[in-house]
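Here is what each chain is made of, one letter per residue.
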Amino acid sequence: MSASASQDQRIAVIGLGSMGFGMATSLKKTGFAVTGCDVSTDAVARFVKDGGAGAKTPAEAAKDADVVVSVVVNAAQTEAVLFGKDGAAETMPKDSVFISSATMDPDVARRLAKQLEATGRHYLDAPISGGAQRAAQGELTILASGSAAAFSKARPALDAMAAKLYELGDAAGQGAAFKMINQLLAGVHIAAASEAIAFAAKQGLDISKVYEVITASAGNSWMFENRMPHVLDGDYTPRSAVEIFVKDLGIIQDMARTARFPVPVSAAALQMFLMTSAAGMGRDDDASVARMYAQVTGVKLPGDK
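Residues numbered from 1 in each chain as written. Predicted model: local features only at pLDDT ≥ 70, side-chain atom pairs only at ≥ 80, totals over all residues. Heavy atoms only, no water.

**Q** Just checking my understanding: could you explain the overall build of the chain for this structure?
**A** When helices and strands are tallied, the chain shows 14 helices and nine strands. Its C-alpha atoms give the chain a radius of gyration of 20 Å, near enough to 19 Å, the size a compact globule of 305 residues would have. Seen through its principal axes, the chain has C-alpha atoms that stretch 65 × 45 × 35 Å. Across the 305 residues in the chain, those meeting the buried criterion constitute 50%. Residue pairs in contact within the chain that sit at least 24 positions apart in sequence constitute 65% of those at least 6 positions apart. Looking at the chain as shown, the accessible area adds up to about 14000 Å², and 55% of this sits on carbon and sulfur atoms. If the 29 positive side-chain charges of the chain are averaged to one point and the 32 negative ones to another, these points end up 2 Å apart. (Helix = DSSP H or I, 4+ residues; strand = E, 2+ residues; numbered from the N terminus. Rg over C-alpha atoms; globule rule 2.2 N^0.38 Å. Buried < 20%, exposed > 50% of the residue type's maximum accessible area, 1.4 Å probe, protein only. Contact = heavy atoms within 4.5 Å. Areas by Shrake-Rupley, 256 points an atom, 1.4 Å probe, with all protein chains shown as cover. Lys, Arg positive; Asp, Glu negative; His and termini not counted. Charge placed at Lys NZ, Arg CZ, Asp CG, Glu CD.)

As structure tokens, then:
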């Protein structure tokens with residue numbers, strides 16, 4: 001798509017954290033007129049310095065926007081962005097589309113979509129995966145569901161943000177449900193990887209060599225390969241925080257209880273994230289589950305004092 005075609009649409013990005021800032025940047029690079037909004041004035045100022053426009057409230061950002069991209073943490077924040085004080089729904093033009101990127105319970109996604117669609121706007125349930133670097137490069141994976149009209153209106157922006165766009169249904173909720181299956185596996189794999197690396201240290205093994213062997217063996221997982229270098233480096237700067245999986249695996253438990261479906265493995269993983277959070281590491285990188293194992297068992301990991 002050419003830059004001139006992109007400029008026909010005005011985009012608001014609400015939530016300029018590591019993911020949202022990257023998404024706003026990739027949209028701007030493609031040629032869209034992009035307005036950024038965040039509770040952090042510093043984040044907005046940084047985006048304006050990079051050539052974007054800034055807004056103080058979702059309502060201000062959404063005014064005259066063809067597409068509003070919400071990149072906040074959870075369902076409660078998404079609802080506040082839409083329907084709270086100075087919310088985007090107050091000012092979004094008729095026939096515009098709201099792209100919701102937060103991970104949430106599918107039932108909540110359906111409720112928010114119904115509420116917004118009743119006002120003559122569109123709602124696209126579009127959770128994301130890929131991390132901040134891929135967000136800035138416009139190479140996210142987007143798991144989207146919504147009406148044909150929502151997809152049509154959102155497609156130029158989606159194409160600018162995503163390397164892979166999965167169209168998963170004609171109504172909100174399907175995208176959210178797919179994302180929760182991904183989060184179930186991601187959380188379990190991080191907890192298992194953390195358990196394995198700490199257990200290896202307890203055995204007196206060289207955990208750098210353990211990493212080398214496991215990443216070349218059948219026991220490897222994407223999360224082991226991606227997260228365990230944080231443990232090897234003793235660097236728990238949050239790329240994705242422990243609290244994210246406290247939230248997401250908690251949603252899995254709620255969904256499973258409603259469906260009367262047993263999820264004992266993800267329930268055990270949730271307890272490990274809860275323990276890690278309770279030990280004061282909730283805002284640290286999610287590989288901190290390995291530190292929690294180490295603290296409980298007296299194991300020394302890199303970076304331990």
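**Q** I would appreciate a short explanation of the UniProt feature "active site" (unreviewed entry) in the chain in the present structure.
**A** Using the residue numbers shown here, the UniProt feature "active site" (unreviewed entry) corresponds to Lys179. Looking at the element boundaries, lysine 179 is found in helix H9 (residues 174–202). Exposure remark for lysine 179: the relative accessible area of 7% places this residue in the buried category. Apart from residues lying up to four places away in sequence, lysine 179 is in contact with Thr103, Pro127, Ile128 and Leu143. (UniProt positions renumbered as here; feature names shortened; annotations may be inferred.)

**Q** What's the story with the sheet that holds strand E3 (residues 53–55) in this structure? I'm lost.
**A** Whenever strands of a sheet pair, they do so through backbone hydrogen bonds, lying parallel or antiparallel. The strand order across the open sheet built from six strands is E3-E2-E1-E4-E5-E6, with neighbouring strands paired in parallel fashion. Strand pairing shows two members of the sheet lacking a second neighbour, E3 and strand E6 (122–125), which therefore form its edges. Taking the axes of each pair of neighbouring strands and ignoring which way they run, one obtains an average angle of 20 degrees across the sheet. The pairing of strand E4 (residues 67–70) with strand E5 (residues 97–100) spans four bridges and is classified as parallel. Of the residues in E5, the one forming a bridge with valine 67 is valine 97. Taken strand by strand, helix H8 (residues 148–161) contacts strand E1 (10–14), E4, E5 and E6, and its axis lies near 50 degrees from that of E6. (Pairing = 2+ DSSP bridges. Axes fitted to C-alpha atoms, helices over the stretch in contact; angles between N-to-C directions.)

**Q** What am I meant to see in the packing of aromatic side chains here?
**A** How two aromatic rings sit relative to each other is set out by the distance from centre to centre and by the angle between their planes. Following the criterion strictly, the structure yields four aromatic pairs and no others. Each ring, one from tyrosine 211 and one from phenylalanine 224, has its centre 5.8 Å from the other, and the planes form 15 degrees; the classification is stacked. Here tyrosine 211 is found in helix H10 (residues 207–214), whereas its partner phenylalanine 224 is found in helix H11 (residues 222–233), with 13 residues between them in sequence. We note that tyrosine 211, like phenylalanine 224, is buried. (Phe/Tyr/Trp six-rings, centres within 6.5 Å; stacked < 30°, edge-to-face > 60°.)

**Q** It is not clear to me how the packing of H10 against H11 should be interpreted in this structure. Could you clarify?
**A** A pair of packed helices can be characterised by two numbers: the angle between their axes and the separation between those axes. The N-to-C vectors of H10 and H11 enclose an angle of 170 degrees; their axes lie 11 Å apart at closest approach. With respect to each other, H10 and H11 are oriented roughly antiparallel. Along the contact surface, H10 presents Ile207, Ser208, Tyr211 and Ile214, while H11 presents Phe224, Glu225, Met228, Pro229 and Leu232. Across the contact of H10 with H11, the residue classes break down as seven nonpolar, one polar and one charged. (Parallel < 35°, antiparallel > 145°, perpendicular 65-115°, else oblique. Nonpolar A, V, L, I, M, F, W, Y, C, P; charged D, E, K, R; others polar.)

**Q** Can you walk me through the pattern of salt bridges in this structure?
**A** Using the criterion set out here, one finds ten salt bridges in the structure. Two residues, arginine 257 and aspartate 254, come together in a salt bridge whose shortest N-O distance is 2.7 Å. Of the two residues, arginine 257 and aspartate 254 both sit in helix H12 (residues 242–259), three residues apart, roughly one turn of that helix. When its relative accessible area of 52% is taken as the criterion, arginine 257 is described as exposed. (Salt bridge = Lys/Arg side-chain N within 4 Å of Asp/Glu carboxyl O.)

**Q** Got a minute to help me understand the pairing of E4 in this structure?
**A** Regular strands place their side chains on alternate faces of the sheet. The side-chain alternation of E4 yields two buried faces, one formed by Val67 and Val69 and the other by Val68 and Ser70. Relative to E4, E1 runs parallel, the two being bridged by four bridges. Bridge assignment links isoleucine 11 to a residue of E4, and that residue is valine 67. For the crossover that starts at E4, traverses helix H5 (residues 75–83) and ends in the parallel E5, the hand is right-handed. (Right-handed = clockwise from strand over helix to strand, strands pointing away.)

**Q** Sorry if this is basic, but what is going on with the pairing of E1 here?
**A** With four of its five residues buried, E1 lies for the most part within the structure. As judged from the five bridges shared by E1 and strand E2 (residues 33–37), these two strands associate in the parallel manner. Note on E2: the bridge partner recorded for valine 13 is glycine 36. Following the chain from E1 across helix H2 (residues 18–30) to the adjacent parallel E2, one finds a crossover that is right-handed.

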